[in-house]
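Results of the structural survey
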Amino acid sequence: MTTAQTTDLDVQPSPLALLLLGREADPKSERGVECPGELPSPSDPDLVERARVAKEKLGDKVFVLGHHYQRDEVIQFADVTGDSFKLARDAAARPEAEYIVFCGVHFMAESADILTDAGQKVVLPDLAAGCSMADMATAEQVAECWDVLTEAGVAERVVPVSYMNSSADIKAFTGRHGGTICTSSNARRALEWAFQQGEKVLFLPDQHLGRNTAVRELGMSLEDCVVYNPHKPNGGLTAEELRDARMILWRGHCSVHGRFSLESVNEVRERIPGVNVLVHPECRHEVVAAADQVGSTEYIIKALEAAPAGSKWAVGTELNLVRRLANRFAPEGKEVVFLDRTVCFCSTMNRIDLPHLVWALESLAEGNLVNRIEVDEETERGARLALERMLALP
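Residues numbered from 1 in each chain as written. Predicted model: local features only at pLDDT ≥ 70, side-chain atom pairs only at ≥ 80, totals over all residues. Heavy atoms only, no water.

Here we take up the overall build of the chain. When helices and strands are tallied, the chain shows 17 helices and 14 strands. Rg of the C-alpha trace for the chain: 21 Å, near the compact-globule value of 21 Å for 394 residues, within the 12% margin. Principal axes of the C-alpha set define a box for the chain whose edges measure 60 × 55 × 40 Å. The proportion of buried residues among the 394 residues of the chain is 59%. Of all intrachain contacts in the chain linking residues separated by at least 6 positions in sequence, the fraction that spans at least 24 positions is 68%. Carbon and sulfur atoms provide 48% of the accessible area of the chain, an area that totals close to 16,100 Å². (Helix = DSSP H or I, 4+ residues; strand = E, 2+ residues; numbered from the N terminus. Rg over C-alpha atoms; globule rule 2.2 N^0.38 Å. Buried < 20%, exposed > 50% of the residue type's maximum accessible area, 1.4 Å probe, protein only. Contact = heavy atoms within 4.5 Å. Areas by Shrake-Rupley, 256 points an atom, 1.4 Å probe, with all protein chains shown as cover.)

Pasting the structure below:
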């Protein structure tokens, strides 16, 4: 694999691009649709009190989940915080909660709906809170990819492994084709399981997590990996390349983690002598190879918790979390900085703000169900099968 293959991150323009701005409507798109209703003004000085009152009125009927990448103004009202899968499991463990308000993005709310009881209703405060990575693999594109693998004579030897950061449709495809889901914490175990079932893995939709896990943790080479580009005929690959590959990586990436570069690592080491570079495995391979430690969001938090006073850390993950960790550990004498000099939030994760949360909570308190995320039964069956395989991993 060439350097260009591992660093080329451009994607083709989408006709649904306006949905990133919350305009137009397409319920099948991870980017979401318009948020109905009248939102409170972000300058309303009573927003915090309104959120508190509405949440108190709902009592045990509501359970608010806050992803680590959410704004502080939203996180303060979360009953639990965590990564996407932890939050979905936490929701499933609260069957008495009629409403699950998920402060995260669309695929996370879908996972919560799949794992919770039928009587529970999952609400996403802003339906335009999507995920660019999840958008990079549609059900139609993945079905076409499987046709390409079939024509190349390798499909029967391929096991799909899909990252949790994928739509319910992709999870369902994975379940129906004998595959499993993984998180950034258990990707190694998922790949080890998959290679016990078949000879090759189709890894969706984040190429970097798949490549980093295969090379760093399973001892493969970069030559064992090929990148399937859904915007090119046959994925831009020959039948011979597909037959020779062990890891078929979907050409997707995280818009935040993908921005970190080797130059970012070198610059921060020069600027802060003795700094420890700690990055998420969604980062590019060359960034991960140059880092001191690599791990999931939960790993990053625990690493900083265990770090000695006076230590210095440059963290390559979403800025809301890095800033929160910097403030948290400053009193302990730990210096935590963002890996890149250019500030970069996850734009879609940041769509969940206090006005949207207040609107959602007040609507529920008034008996109006808004912005419900509901996965259809057929999709849920396939997706649940893939998730259950992950839960059964040793």
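Next comes the rest of the write-up.
It is worth spelling out helix 2 (residues 47–58) at this point. In an α-helix there are 3.6 residues to a turn, and that puts residues three or four apart on one side. When the terminal C-alpha atoms of helix 2 are compared, their 17 Å separation across 12 residues agrees well with the 16 Å that a helix rising 1.5 Å per residue should span. Residues of helix 2 that are buried: Leu47, Ala51, Ala54, Lys55 and Leu58. One side of helix 2 holds all its buried residues, which, seen down the axis, span an arc of 95°. Exposed positions of helix 2 whose direction lies more than 90 degrees from the buried face are Glu56 and Lys57. (Expected span 1.5 Å × (residues − 1). Arc of directions from axis to C-beta.)

What follows is about the sheet that holds strand 12 (residues 312–316). Judged by pairing direction, the sheet is parallel, and its 4 strands sit side by side in the order 11-10-12-13 without closing on themselves. Every interior strand has two partners, whereas the edge strands, strand 11 (293–294) and strand 13 (335–338), have only one. Strands strand 10 (276–279), strand 11, strand 12 and strand 13 of the sheet are contacted by helix 14 (residues 297–306), whose axis makes an angle of about 155° with strand 10. Where helix 15 (residues 319–329) meets the sheet, it contacts strand 12 and strand 13, and its direction lies at approximately 165° from that of strand 13. (Pairing = 2+ DSSP bridges. Axes fitted to C-alpha atoms, helices over the stretch in contact; angles between N-to-C directions.)

A few words now on the sheet that holds strand 7 (residues 200–204). The sheet built from 5 strands is open, its strands ordered 6-5-7-9-8 with parallel pairing. Both edges of this open sheet fall to strand 6 (180–182) and strand 8 (225–228), since each of them pairs with a single strand only. Sheet twist, expressed as the average angle between the axes of neighbouring strands with direction ignored, equals 25°. Helix 10 (residues 207–218) contacts strand 5 (158–163), strand 6, strand 7, strand 8 and strand 9 (247–250) of the sheet and is inclined by roughly 155° relative to strand 9.

Our focus in this paragraph is the nonpolar core. Counting 112 residues, the largest nonpolar core has Val101, Phe203, Met247, Val279, Leu304, Leu339 and Leu361 as its most contacted members. Filtering out sequence-adjacent residues up to four positions away, Leu361 remains in contact with Ala51, Ala54, Lys55, Leu58, Val62, Val64 and Val101. Grouped together as the second largest cluster of nonpolar side chains are 21 residues, Ala137, Val142, Trp146 and Val158 included. (Core = buried A, V, L, I, M, F, W, Y, C linked by side-chain atoms within 4.5 Å.)

Okay, the side chain of Glu318 next. Examined against the element boundaries, Glu318 turns out to sit in the loop between strand 12 and helix 15. The side chain of Glu318 is buried and forms no salt bridge, while Arg324, the nearest opposite charge, is found at 6.7 Å. Looking at Glu318, its side chain comes within polar contact range of the main-chain nitrogen of Asn320, at 2.7 Å. Not counting residues up to four positions away in its chain, the partners in contact with Glu318 are Tyr69, Val256, His257, Phe338, Phe345, Cys346 and Asn350. (Lys, Arg positive; Asp, Glu negative; His and termini not counted. Salt bridge = Lys/Arg side-chain N within 4 Å of Asp/Glu carboxyl O. Polar contact = N/O pair within 3.5 Å; in protein donor to acceptor, adjacent residues only side chain to side chain.)

Here we take up the environment of Lys55. Residue position: Lys55 is located in helix 2. Here Lys55 falls in the buried class, since its relative accessible area comes to 19%. Separated by 166 residues in sequence, Lys55 and Ser221 have C-alpha atoms that sit 51 Å apart. Polar contacts involving the side chain of Lys55 include one to the side chain of Asp79, which spans 2.8 Å.

Bringing the packing of aromatic side chains into the picture now. All told, the structure shown has 3 aromatic pairs when counted by the stated rule. Taking 5.6 Å as the distance between ring centres and 80° as the angle between the ring planes, the aromatic pair formed by Trp146 and Phe173 counts as edge-to-face. With Trp146 in helix 7 (residues 139–151) and Phe173 in helix 8 (residues 168–176), this residue pair connects regions lying 27 residues apart in the sequence. Pair check on accessibility: Trp146 and Phe173 agree, each one buried. Between Tyr228 and Trp250 the ring centres are 5.3 Å apart and the planes differ by 25°, which places this aromatic pair in the stacked class. (Phe/Tyr/Trp six-rings, centres within 6.5 Å; stacked < 30°, edge-to-face > 60°.)

Considering all chains together, one arrives at 0 disulfides under this definition. In this structure Cys131 is a free cysteine whose sulfur lies 6.8 Å from that of Cys346, the closest cysteine sulfur available. (Disulfide = S-S within 2.5 Å.)

All right, on to the environment of Ser132 then. Tracing the backbone through its elements, the reader meets Ser132 in helix 6 (residues 132–135). A relative accessible area of 25% means that Ser132 is categorised as partly exposed. For Ser132 and His257, which are 125 residues apart along the polypeptide, the C-alpha to C-alpha distance reads 12 Å. A polar side-chain atom of Ser132 sits 2.6 Å from a polar atom in the side chain of Ser255.

So, on to the packing of helix 5 (residues 106–115) against helix 17 (residues 377–391). Packing of helix 5 against helix 17 brings their axes to within 10 Å, and their N-to-C directions diverge by 90°. The angle between the axes of helix 5 and helix 17 places the two elements in the roughly perpendicular class. Of the residues in helix 17, those touching helix 5 at Asp113, Ile114 and Leu115 are Glu380, Ala383, Arg384 and Leu387. Partitioned by chemical class, the residues of the contact of helix 5 with helix 17 number 4 nonpolar, no polar and 3 charged. (Parallel < 35°, antiparallel > 145°, perpendicular 65-115°, else oblique. Nonpolar A, V, L, I, M, F, W, Y, C, P; charged D, E, K, R; others polar.)

Here the focus is helix 16 (residues 354–365). With 12 residues, helix 16 extends 16 Å between its outermost C-alpha atoms, agreeing within 8% with the 16 Å of an ideal straight helix rising 1.5 Å per residue. For helix 16, the tally of buried residues reaches 11 of 12 residues, placing the bulk of the element in the interior. For helix 16, every residue scored as buried is listed here: Leu354, Pro355, His356, Leu357, Val358, Trp359, Ala360, Leu361, Ser363, Leu364 and Ala365. Considering only its buried residues, helix 16 is in contact with helix 2, strand 1 (62–67), helix 3 (72–75), strand 3 (99–103) and strand 4 (121–123).

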